[in-house]
Amino acid sequence: QVQLVESGGGLVQPGGSLRLSCAASGSIFSIYTMGWYRQAPGKQRELVASIASGGNTNYADSVKGRFTISRDNAKNTVYLQMNSLRPEDTAVYYCNARRVTVNVAWGQGTQVTVSS
């Protein structure tokens, strides 16, 4: 079974930066669309950013210009570089792998807290 493990979460000041990593098991990482989702208490899980196998990216309007998703297929890893962080970015961030609309795996989540 494919496994995803997130890391890099933590507590940062508003305006600060953080980089999340998601390491995937398996040898077919390169064919998956990878995404970062987040969920805050009392809110629905939302898509933050995604990157297709060919490199095409998509971002939520709330993070455009601040977050960058990237992938390193040789390392079976996807990253989320988060800059200019705001308190409303506080959430548990989850890594996801899918083939078009078919879910493959979810990570366990990593907490990001933006607070002064």
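Read on for an overview of the structure. (Residues numbered from 1 in each chain as written. Predicted model: local features only at pLDDT ≥ 70, side-chain atom pairs only at ≥ 80, totals over all residues. Heavy atoms only, no water.)

**A few points about the overall build of the protein**
Selection rule: The numbering of helices and of strands both runs from the N terminus, where a helix is a DSSP run of H or I of at least 4 residues and a strand a run of E of at least 2. Put simply, the radius of gyration uses C-alpha atoms, and a globule should come to 2.2 Å times the residue count raised to 0.38. Throughout, exposure labels follow a simple rule: accessible area from a 1.4 Å probe, protein chains only, divided by the maximum for the residue type, with under 20% read as buried, over 50% as exposed, and the rest as partly exposed. Using a 1.4 Å probe, the Shrake-Rupley method yields the accessible areas, and only the shown protein chains count as cover for residues.
Each helix and strand counted, the protein has 0 helices and 11 strands in total. The order of α-helices and β-strands along the protein, N terminus first, is β-β-β-β-β-β-β-β-β-β-β. Rg of the C-alpha trace for the protein: 13 Å, near the compact-globule value of 13 Å for 116 residues, within the 12% margin. Each principal axis of the C-alpha atoms in the protein carries an extent, and together these give about 40 × 25 × 25 Å. Residues classed as buried in the protein amount to 42% of the 116 residues present. For the protein, the accessible area works out to roughly 6,100 Å², and carbon and sulfur atoms hold 47% of it.

**Concerning the sheet that holds strand 7 (residues 67-72)**
Applicable threshold: For two strands to be treated as a pair, DSSP must find at least two bridges joining them. Every axis in this analysis is a line fitted to C-alpha atoms, fitted for helices over the stretch in contact. Angles between the N-to-C directions lie between 0 and 180 degrees.
Strand order across the open sheet formed by 4 strands is 1-3-8-7, with antiparallel pairing between neighbours. Looking along the sheet, the strands with just one partner apiece sit at the ends: strand 1 (4-7) and strand 7. With strand direction ignored, the average angle separating the axes of adjacent strands in the sheet is 15°.

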